[in-house]
Amino acid sequence: MTDTPPRHRPKMRLPIEWLGILPFVLFALLFLILPTMKIVIGAFQTPEGSFTLQNLIDLNTDSIRRAYWTSIKLSMITALLGCAMGFAMAAAVVFGGLPKRIRSPLLTFSGVASNFAGVPLAFAFIATLGPAGLVTLWLKTEFGINLRAMGFNLLSFWGLVVTYLFFQIPLMILIIIPALDGLKREWREAAAVLGATGAQYWRMVALPILFPSLLGTFALLFANSFGAVATAFALTGPQLNIVPIKLFAQIRGDVLGNPNLGYALAFGMIVITGLANVTYIVLRTRSERWLK
């Protein structure tokens, strides 16, 4: 009999391609998953670490309810205006007969502006439309238009709406242009052959197909506005009663702050923005079936 050599089991080796996403996995774990878990757990804990529902019960106070309502109203308005203005600009670029050379700079600017927020954005608007801003003084000296006398105040709710539109409109443009590109020319030609006008084509063909994308993008813009804190705090300070500013006041370590109530506030924001993002993903998936 001959001795058969022992069989060596193949070693389980992780494909080297997976190493490429390792930085992303670590980043998501350290700055997204673990902080979210801490927020969710802290929302159900006392400062001593025991389980409680009191933090969630405390959300049902008049001040916090008004903060949530103001944040929801701010997000709804900026998402609606951002969708309307962004869609109009995107449609003008795709279908309006504008020179093709405009599209690339618009997309480049939109990519930058959609991520331009926080203190730099607040400072830019204060220097431009603030009480002593460049445009404010220019309108007053050259045309006699006093924005403050007309009721416009940048450091207010509607001033924050104008500021948020700076990144809401470009985000809408970035998302909706691929959807508009997906509208097939054959659909418009078929509608024209059947005697449909341009308005009828948009009302009965294009908009029904684009509706899931529009509604999903609205949900995304809502979540984008609802979670913004640095721009609002830098622009208005603690005087505007919205959830991100109230959350910041609770967790920054002041004597009157309650970190666990802050966790409960953040937990409520996670639920609202999570629902908005899930809505966007579901509707975006439905719209892509038609636009492929």
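Residues numbered from 1 in each chain as written. Predicted model: local features only at pLDDT ≥ 70, side-chain atom pairs only at ≥ 80, totals over all residues. Heavy atoms only, no water.

Observations concerning the packing of helix α8 (residues 185-193) against helix α9 (residues 198-226)
Closest axis-to-axis distance for the α8/α9 pair is 10 Å, and the angle between their directions is 155°. As judged from the angle between their axes, α8 and α9 are roughly antiparallel. The crossing of α8 and α9 is right-handed. Here Trp187, Arg188 and Ala191 of α8 come into contact with α9, specifically with Tyr201, Trp202, Val205 and Ile209. For the contact of α8 with α9, a count of residues per class yields six nonpolar, no polar and one charged. (Axes fitted to C-alpha atoms, helices over the stretch in contact; angles between N-to-C directions. Helix = DSSP H or I, 4+ residues; strand = E, 2+ residues; numbered from the N terminus. Parallel < 35°, antiparallel > 145°, perpendicular 65-115°, else oblique. Left-handed = near helix turned anticlockwise from the far one by under 90°. Contact = heavy atoms within 4.5 Å. Nonpolar A, V, L, I, M, F, W, Y, C, P; charged D, E, K, R; others polar.)

Comments concerning the environment of Lys184
Checked against the element boundaries, Lys184 lands in the loop between α7 (157-181) and α8. Judged by its relative accessible area of 30%, Lys184 is partly exposed. For the pair Lys184 and Leu81, spaced 103 residues apart in the sequence, the C-alpha separation amounts to 27 Å. (Buried < 20%, exposed > 50% of the residue type's maximum accessible area, 1.4 Å probe, protein only.)

Brief notes about the side chain of Thr52
Note that Thr52 resides in the loop between α1 (22-42) and α2 (54-57). Of the residues examined, Thr52 reaches a relative accessible area of 15% and is grouped as buried. Apart from residues no more than four positions distant in its own chain, Thr52 is found in contact with Ala43, Phe44, Gln45 and Thr46.

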